[in-house]
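Notes for the structure review
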Amino acid sequence: MHKELWNDAAGGFHPASAPDYLPEQALREVQLRRLRAVVDHAYNNVALFRARMEARDLTPDSIQSLADIAKLPFTVKADLRDTYPSGLFAVPMGDVVRLHASSGTTGKPIVVAYTREDIQVWSEVMARALACYGLHRGDILQNAFGYGLFTGGLGVHYGAETLGATVVPISGGNTDRQLMVIRDFGVSALCCTPSYFAHMLERADELGIDIRASSLRVGVFGAEPWSNAMRHRVEELAGIRAYDVYGLSEIVGPGVASECTEQHGLHLFEDHFYPEIIDPETGEPLPDGEEGELVITTLSKRAMPMIRYRTRDITAIIPERCACGRTLRRMRRIERRSDDMFIIRGVNVFPSQVEAALLAVEGTLPHYQIILTRSGGLDQITVEVEVTAEVFSDKVRALEDVRARLAQSIERILGIRVILRLVEPRTIERSQGKAKRVIDRRHD
Amino acid sequence: MSNQDPDWPSENRIWNHSAETLPREEIEALQLERLRAMVERVAKVPFYRDQFEHAEIGPQSIRSLADLRRLPFTTKDDLRRHQPLGFLAVPRKELARIHGSSGTTGIPTFVAYTAQDLRTWSELCARFLVAGGLRPAHTAQVAFGYGLFTGGFGLHYGIERVGAAVIPTAAGNTRRQIDIMRELTPEVLICTPSYALTIADAARELGIDPATLPMRYGHFGGEPWTEDMRREIEDQLGLQAFNNYGLSEVFGPGVAGECPLHEGMHIQEDHFIVECLDPETLEPVAEGEPGELVITNLTREATPLIRYRTRDIARLYREPCACGRTTMRMSRVTGRTDDMLIIRGVNVFPSQIEEALLRVEGTTPHYLIEVDRPGTLDEVRVKVEMRPEIFSDRMDRMQALCEHISREIQTVAGIRAHVDLVEPRSIERFVGKARRVLDKRRLSD
Amino acid sequence: MKLQQLSLFLENRPGQLGAPLEAIAAEGINILTLSLADTAQFGILRLIVREWEQAKQIFEQGGWVVKQTEVVAVDVLDRPGGLASALAVLEAAELNIEYMYAFSLRRDDKAILIFRFEDPDRAIEVLLENGLHVVETEELMRHVG
């Protein structure tokens, strides 16, 4: 590594970013080599994958070109749940140095594992994402993503360390303190969910703190969808540039794809994550430029390789080369999904999880409705549950207790606060066929 | 613990053999050399430069370890007065991490780490983790909070350093913690001692015998606890419980930790000099007598502190331990010389509660903080006297008031407190210094 | 047309309710009506008395936190639909009720509804326009006494 490539002060080029600029041919060669290795690794170490390969008369040798990837079976979220906790691990536990978990589609979590090398790759791609925004050694990065089993906090944290930035691991919550740190510490970049940043801006306004006057110049927002309109608004209000970062824990966590300073699509770190776009109905691959479901194959993951993982996120590959010079292909920002999952404060929620929680308390499933609102810039989830004769009591405290137990049951599964309202019977609208379980008023 | 540990031979149970079993005279020689270098380094920090100049002290003044006593003390107030990061001894761009600790007011004090400091911290934690059973093949569940104000990171990196697997569950969502324990079978649990008991309680509620949970070793810290609690944790969870000590001002966890003999915590003397002083006279107490711990950093790069007054009361023991480590040991922390409370691992000063109340218009300065541990978790009730200015005949407004006060307390002090509105003049008035805290927990043997 | 209501802050413990009531009883003050709203920790005692100024003074001297608010009393026929008819009027006018309580009278076939409105003056206007009867203190005394 040439010493002058190290971006000690004035920005520029981080050595980890070299693969961003590989000539296309070289990139495809790296991808094919890694694809063959990861298929071989998964075939030899993951029973489920091997069985699916054998059912199709495939062996690792069936992969001779990148196009051959279409022969391989898909992996879906239910596979992680069905093999919970470690059925998709491809290395012995002794080689695992980290485990993360996220909630599955029902109450049962899904677990993801990392070897030491996997953590290094994750740190590298996240460092490359931060470098995409023009951040470098010496920048102070305030990480307000939640730390814990959620991959957002620790993923960004390790990426920033690899970059050589100073991390303020503030985690989520305590908005006043967040604002104080932004104001007093010369923070250059803030990482959080876009809705939390909107909340911070409102609070700053109440406290008379002008973020524009602070040193903050970059916002790194992810873990939930947000619009360009929102980008323009927060950029204007905070005097920053706001960037999108994409990832999912099944693949690695944050750092699968990232915008660059062009702010036009997210570069996929495709030397480690091979992207395809498929028709979500037929499963057929679609050419670049066409909209469909994003499918990702991890090219270098050891602990838990994912072959053709169906993300359920709808996007399209942008065929043109980016003006920033990176040869990595870009995808459009995610605006919707092919299932009923919604994201609130960075947490993925399936209505089926809420159902499981209500069922656990009441024994039968009451009529309910999930209402998403945004108040003071902060997303809120309200679950309305119709009171049944079984749970009704004339004592306020007894009703309050039912309400609290329902709320706790949901909070335990989702890991976020919910507002639970008991409503009168038959007040939640019934519709023919599929009930409208989720009402999203956040963008009203 | 058996000597036939399958995954690591017993003689390797000391992580850093050369550092932890150094002969006394070599430890002291190393300390002297590092102390001299440190005095030179901190002379860049305006706070120390002024004091050194005033007292005409320089590196040459340190001829023996006894000369440490010529150096000035550093207090929490000094840190607060030089916020943010007035104690920085390296350029800002060399910082890799910033952490904080709560101050006596709503303004926290911040401490910083260079990349080298983070490596040192990992090493310190690796040492006590290994002394307490952690092996490279193990999985450890870290149920400590991660964030600006916690030492959870030190342990996380320490486990990585050893090569074991981390499950970073962080604190909270106890039932999920138990699910994960049962599915991923960690050998080691890391959390506050009271949270360990909460986990045992929650397991029983789920119909699970906590002793059947897979953990064999537990590392507990972040709040004071007792030998009774250790026995309870060990009995209930069926594991061996280890105590460790540290504070973020001087690094975080890793200042000292227990070996399997559980006869005090080994102080990592190649990185810290720990004195035990009479808090009134500031003279050293006799060996084995309780006194205030005063700690000097020997290797910290970013924010090194000289003679930091911890306000923690403990005892020091110099006789060598049968485990083979040659380092000095310290007892549990048995008290404080100030009114700081530790609640669920968070340091809280009554003055912070007062500040929170001041932010809510119309509240009185008459309040009482009641701390209790009804089950296994600390609970705080702040009793606030009702006044006409804040009374409303509407229930929703009254509840909103309680929530408002509670939110301000959370913001300033970082803890969740129950707010009880009480009738005027129902809180006892004191002549002279008011008694603000009623601590009903039993925190010492 | 508005009635003066006194509200007291009480901790929710045994015996807390008796003391303030005894204090005004000792001065011969009769309670026309009262209601109690409570949570696990504290309660709000709301009461209407004729000598409210004197009662307020007694409470204040006794060290209670007391607040005086204006409420509106309406009488309706004590029969099915009586309350509903009054509420329908308020709802149609989009008047926000902060809380209410009610009691029925022994002698007449009337029930008295006590309302706390965000905007009592407008509420009275609406009630009168719709032919409802707003009860004044003296009248309430006659009903109850």
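Here's a quick rundown of the structure. Since the model is a prediction, treat every value here as computed from it, not as a measurement.

A word on the pattern of salt bridges. The full count for this structure, using the stated rule, is 75 salt bridges over all chains. A salt bridge links Asp176(A) to Arg359(B); the nearest nitrogen and oxygen atoms lie 3.8 Å apart. Here Asp176(A), found in helix α6 (residues 175-184), pairs with Arg359(B), found in the loop between α10 (350-358) and β18 (367-372), and the two come from separate chains. Given the relative accessible area of 15%, Asp176(A) is considered buried. Here Glu269(B) ties to Arg24(B) by a salt bridge, and the two come within 2.7 Å at their closest N and O atoms.

Quick look at unusual backbone geometry now. Omega for the bond connecting Tyr84(A) with Pro85(A) falls within 30 degrees of zero, at -5 degrees, which places this linkage in the cis form. Inspection of the secondary structure assignment puts Pro85(A) in the loop between α3 (77-82) and β1 (96-103). Looking along the chain, the bond that leaves Gln83(B) and enters Pro84(B) is cis, with omega of -15 degrees. For Pro84(B), the location among the structural elements is in the loop between α4 (76-81) and β1 (95-101). The backbone of Asn173(B) sits at a positive phi, close to 50 degrees, despite the residue not being glycine.

This part is about the environment of Val294(B). Residues and elements named next belong to chain B. Tracing the backbone shows valine 294 in strand β11 (residues 291-297). As a C-alpha pair, valine 294 and cysteine 276 span 18 residues in sequence and 6.2 Å in three-dimensional space. Not counting residues up to four positions away in its chain, the partners in contact with valine 294 are Phe73, Ile273, Val274, Glu275, Leu277, Arg307, Tyr308 and Arg309.

Our focus in this paragraph is the sheet that holds β11(B). Strands sit in the order β10-β11-β12-β15 (chain B) across an open sheet of four strands; the sheet is antiparallel. Looking at strand neighbours, the two that pair on one side only are β10 (272-277) and β15 (335-336) of chain B, the edges of this open sheet.

Taken together, the contact pairs 41 residues of chain A with 42 residues of chain B. Overall, the association of chain A and chain B removes approximately 3600 Å² of surface from exposure, summing both partners, and the carbon and sulfur fraction of that is 58%. The interface formed by chain A and chain B contains three salt bridges. Salt-bridge contacts for Arg98(A) lead to Glu160(B); the nearest nitrogen and oxygen are separated by 3.1 Å. Summed over the shared surface of chain A and chain B, the result is 18 residue pairs in polar contact (both at pLDDT 80 or more). Looking at the side of chain A that touches chain B, the elements that each hand over two or more residues are β1, α5 (151-163), β4 (166-168), α6 and α10 (396-414) of chain A.

Time to look at the interface of chain C and chain B. Across the boundary between the two partners, chain C contributes 23 residues, which contact 20 residues of chain B. Between chain C and chain B lies a buried interface of about 1700 Å² when both sides are counted; carbon and sulfur atoms form 61% of it. The largest per-residue losses of area from chain C upon contact with chain B belong to Phe9(C), Gln41(C) and Val65(C), which jointly make up 32% of the total buried on that side. One can count two salt bridges joining chain C with chain B.

In this section: the packing of aromatic side chains. The geometry of an aromatic ring pair comes down to the distance between the two centres and the angle between the two planes. Per the stated rule, a full pass over the model turns up 21 aromatic pairs over all chains. Each ring, one from Phe47(B) and one from Tyr48(B), has its centre 5.1 Å from the other, and the planes form 75 degrees; the classification is edge-to-face. Accessibility expressed as a relative area gives 9% for Phe47(B), which makes it buried. Given a relative accessible area of 0%, Tyr48(B) falls into the buried group. Measuring from ring centre to ring centre gives 6.2 Å for Phe391(B) and Phe9(C), while their planes differ by 80 degrees; the resulting arrangement is edge-to-face. Highlighted residues: Phe391(B) in the loop between β19 (379-385) and α11 (395-413) and Phe9(C) in strand β1 (residues 3-11), drawn from two different chains. In terms of burial, Phe391(B) and Phe9(C) fall into one category: buried. Of note, Arg97(B) hangs over the ring of Phe153(B), and the distance from its end group to the ring centre comes to 4.9 Å.

Let's shift gears to the pairing of β10(B). Residues and elements named next belong to chain B. The buried count for β10 comes to six of six residues, which makes it a mostly enclosed element. Both faces of β10 are covered, namely the face carrying Phe272, Val274 and Cys276 and the face carrying Ile273, Glu275 and Leu277. Here β10 runs beside β11; their pairing, made up of six bridges, is antiparallel. Across the sheet, the residue bridging to valine 274 is isoleucine 295, located in β11.

Each value, and the rule that gives it
- Residues numbered from 1 in each chain as written.
- Chains lettered and ligands numbered in written order.
- Predicted model: local features only at pLDDT ≥ 70, side-chain atom pairs only at ≥ 80, totals over all residues.
- Heavy atoms only, no water.
- Salt bridge = Lys/Arg side-chain N within 4 Å of Asp/Glu carboxyl O.
- Helix = DSSP H or I, 4+ residues; strand = E, 2+ residues; numbered from the N terminus.
- Buried < 20%, exposed > 50% of the residue type's maximum accessible area, 1.4 Å probe, protein only.
- Contact = heavy atoms within 4.5 Å.
- Pairing = 2+ DSSP bridges.
- Buried area = accessible area lost by both parts, 1.4 Å probe.
- Polar contact = N/O pair within 3.5 Å; in protein donor to acceptor, adjacent residues only side chain to side chain.
- Phe/Tyr/Trp six-rings, centres within 6.5 Å; stacked < 30°, edge-to-face > 60°.
- Lys NZ or Arg CZ within 6 Å of the ring centre and 35° of its normal.

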